[in-house]
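Residues per chain, in single letters:
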Amino acid sequence: MLNEEIIRKAPKVELHEHLDGSVRPETIIELAEGKGYPLPSSSPRELGQWFSRGSEEKSLSLYLRSFEVTTALMQDRESLQRIAREEIEDLAADGVVYAEIRFAPILHTREGLSMEEVVTAVLEGMQEGRKKTGVEFGLILSAMRDQSPEISLRTAELAVAFAERGVVGFDLAGDEAGNPAKKHIKAFEFIRAQNFNITIHAGEAFGLESIWQAIQICGAHRIGHGTRLTDDMLIENGRILRMGSLAHFVLDKRIPLEMCLTSNIGTGAVASYSEHPFPLFLRNHFRVFLSTDNRLMSGTSLTREFTIAAREYGLDIHDMEKITLNAMKSAFIHHEKRLRLIYDVIKKGYADLRTEYGLS
């Protein structure tokens with residue numbers, strides 16, 4: 001049986017985590033003191049609980065409101081560098097060997113930084129973290145659904161401009177309802193013309209139309225969340241009896257689904273762990289993997305997500321390795337780098353774990 005000790009030691013891959021949703025409470029307190037920014041508590045434990053209250057109460061409005069605090073403290077180079085460096089350090093402590101972290105540069109320009117300066121600062125911090133820990137990373141730049149198409153196009157152009165410096169993809173995030181992805185089609189057309197990578201939040205708070213549009217109109221290579229893909233399935237007693245054309249397309253084309261258990265429950269996208277479609281997708285050979293989304297707001301880690309999955313769905317070491325390989329195969333870095341991490345780090349790490357713990 002998998003336990004937390006084994007899961008923490010196991011090599012893991014994180015492909016869906018937001019920088020502004022994964023800040024250390026201790027860092028928030030220090031930065032707030034320096035800026036004179038009021039906080040609800042100066043205790044790291046109490047502050048962490050305050051940030052995760054939205055998830056615990058299944059309140060999307062509370063969940064999203066917490067980002068106002070973190071983004072307000074991420075408006076200067078030094079703070080961005082520090083938070084990005086600590087992000088990599090925290091991932092290393094959690095056993096993550098490769099991570100793709102995302103954030104929206106436009107949200108960090110309120111005090112005069114340009115989007116270019118914001119991205120540069122974050123990359124510098126992440127590079128410092130890599131030197132210290134050895135964790136490999138890629139940065140994904142996000143545009144927001146409720147902002148203008150002009151900003152999303154600028155973000156897409158910025159992502160491509162930084163492609164040789166650590167940026168590996170372009171993302172669209174934010175509330176799906178009333179904010180269709182196709183509104184930002186110029187950004188996606190630019191990314192596709194540049195042979196670059198696209199992931200889109202879809203099928204989390206809205207249905208099949210959102211997923212279909214992300215894939216067929218915008219050209220998404222991965223889907224963030226995608227829990228509502230079950231709307232295109234006839235399911236009975238935990239078994240898929242029939243799938244529609246979209247579900248078949250996602251399965252057949254091996255389109256990866258970035259699944260975030262605790263976040264989905266905390267935002268109300270899914271009612272409970274037992275009702276989450278992740279194990280259904282996994283059993284039916286969809287390319288799914290686990291991610292945290294926002295470690296701070298969801299009060300989680302990748303170790304915790306796998307621990308929950310092991311408890312709720314009976315995952316064993318084989319399942320965990322398969323899920324991790326699904327993630328690494330779906331990463332936005334070049335093929336030869338993926339292969340190196342798969343064979344030299346992930347497969348080796350799981351072989352060592354099996355030997356150490358006598359796992360079959």
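Below or above, wherever it landed, is the structure these notes cover. Since this is a predicted model, take the numbers as computed values, not measurements.

A word on the overall build of the protein chain
Thought 1: A count of helical and extended segments in the protein chain gives 18 helices and ten strands.
Thought 2: Here the protein chain has a C-alpha radius of gyration of 19 Å; the compact-globule value for 360 residues is 21 Å, and the two agree.
Thought 3: Classification of the 360 residues of the protein chain by burial places 59% in the buried group.
Thought 4: Contacts in the protein chain between residues at least 24 apart in sequence constitute 74% of all its contacts with a sequence separation of at least 6.
Thought 5: About 14700 Å² of surface is accessible on the protein chain, with carbon and sulfur atoms providing 49% of the total.
Thought 6: Once the 43 positive and 52 negative side-chain charges of the protein chain are each reduced to a mean point, those two points are 4 Å apart.

Here's the deal with a positive patch on the surface
Thought 1: Side chains of Arg-254, Lys-322, Lys-329 and Lys-347 sit close together on the surface and give a patch of like positive charge.
Thought 2: Among the secondary structure elements, Lys-347 is positioned in helix H18 (residues 335-357).

Regarding the environment of Leu-80
Thought 1: Note that Leu-80 resides in helix H7 (residues 77-93).
Thought 2: On the basis of relative accessible area, Leu-80 is assigned to the buried category, the value being 0%.
Thought 3: For the pair Leu-80 and Thr-267, spaced 187 residues apart in sequence, the C-alpha to C-alpha distance is 26 Å.
Thought 4: Ignoring any residue separated from it by four or fewer positions in sequence, one finds Leu-80 in contact with Met-74, His-108, Leu-113, Val-118, Ala-121 and Val-122.

So, the packing of aromatic side chains
Thought 1: The full count for this structure, using the stated rule, is five aromatic pairs.
Thought 2: Centroid distance Phe-278 to Tyr-313: 6.1 Å. Interplanar angle 45°. Geometry classified as tilted. One end of the pair, Phe-278, is in helix H14 (residues 278-283); the other, Tyr-313, is in helix H16 (residues 302-313), with 35 residues separating them in the sequence. Per residue, the accessibility class of Phe-278 equals that of Tyr-313, and both read buried.
Thought 3: For the cation-ring pair, Arg-53 lies above Trp-50, with the distance from its terminal atom to the ring centre recorded as 4.0 Å.
Thought 4: The ring centre of Phe-332 lies 3.9 Å from the NZ or CZ of Arg-222, which sits over that ring.

Focus on the layout of surface pockets
Thought 1: Of the volumes computed, that of the largest pocket is approximately 740 Å³.
Thought 2: Around the largest pocket, the lining is made up of 29 residues, and of these Leu-64, Phe-67, Met-144, Gly-174 and Asp-175 lie nearest the centre.
Thought 3: Secondary structure elements with two or more residues in the lining of the largest pocket: helix H5 (60-65), helix H6 (67-72) and strand S3 (136-144).
Thought 4: In terms of residue class, the lining of the largest pocket is made up of eleven nonpolar, ten polar and eight charged.
Thought 5: Approximately 500 Å³ is the volume found for the second largest pocket.
Thought 6: Along its surface, the second largest pocket is lined by 23 residues, and Ala-163, Val-168, Ile-333, His-334 and Lys-337 are the ones closest to its centre.
Thought 7: When contributions to the lining of the second largest pocket are tallied by element, the ones reaching two or more residues are helix H8 (115-133), S3, strand S4 (167-173) and H18.
Thought 8: Ranked by residues supplied to the lining of the second largest pocket, first place goes to H18 with five residues.
Thought 9: When its residues are assigned to classes, the lining of the second largest pocket shows nine nonpolar, seven polar and seven charged.

Parameters at a glance
- Residue positions within a chain follow its written sequence, with the count starting from 1.
- In view of the model being predicted, local features appear only for residues whose pLDDT reaches at least 70, and side-chain atom pairs are presented and counted only at 80 or more, with totals across whole chains, interfaces and linings using the full set of residues.
- Side-chain figures throughout are based on the complete set of non-hydrogen atoms in the structure, without hydrogens or water.
- In this text, helices come from DSSP runs of H or I with a minimum length of four residues, and strands from runs of E with a minimum of two, each type numbered from the N-terminal end.
- Values of the radius of gyration come from C-alpha atoms, whereas the globule rule sets the reference at 2.2 Å times the count of residues to the power 0.38.
- Buried, partly exposed and exposed residues are distinguished by accessible area as a fraction of the type maximum, computed with a 1.4 Å probe on protein chains only: under 20%, between the cut-offs, and over 50%, respectively.
- Working rule for contacts: check all heavy atoms of both residues, and any pair within 4.5 Å makes them a contact.
- Areas reported as accessible are Shrake-Rupley estimates using a 1.4 Å probe. Residue values count occlusion only from the protein chains shown.
- This count recognises Lys and Arg as positive and Asp and Glu as negative, with His and chain-terminal groups excluded.
- Every charge is mapped to an atom, namely NZ of Lys, CZ of Arg, CG of Asp or CD of Glu.
- Patch construction takes residues with relative accessible area above 30% that form no salt bridge. Like charges are linked within 9 Å, and nonpolar side chains (Val, Leu, Ile, Met, Phe, Trp, Tyr) are linked within 5 Å.
- By salt bridge we mean one thing: a side-chain nitrogen of Lys or Arg within 4 Å of a carboxyl oxygen of Asp or Glu.
- Paired rings are identified among Phe, Tyr and Trp, the last through its six-membered ring, by centres lying within 6.5 Å, and are further divided according to the angle between planes into stacked (under 30 degrees), edge-to-face (over 60) and tilted (the rest).
- Each ring is checked for a lysine NZ or an arginine CZ that lies within 6 Å of its centre and within 35 degrees of its normal; such an atom marks a charge sitting over the ring.
- Cavities and pockets were defined on a 1 Å grid built over protein atoms only: a cavity is a set of grid points that admits a 1.4 Å probe from which the probe cannot escape, a pocket is an open set flanked by protein on both sides within 12 Å along at least five of seven lines, and lining residues are those with an atom within 4 Å of any such point.
- Grid points are joined across faces, edges and corners, and a volume is the space filled by probe spheres set on the points.
- Under the scheme applied, nonpolar residues are Ala, Val, Leu, Ile, Met, Phe, Trp, Tyr, Cys and Pro; charged residues are Asp, Glu, Lys and Arg; polar residues are all the others, including Gly.

Functional significance is not addressed by these values, which are geometric in nature.
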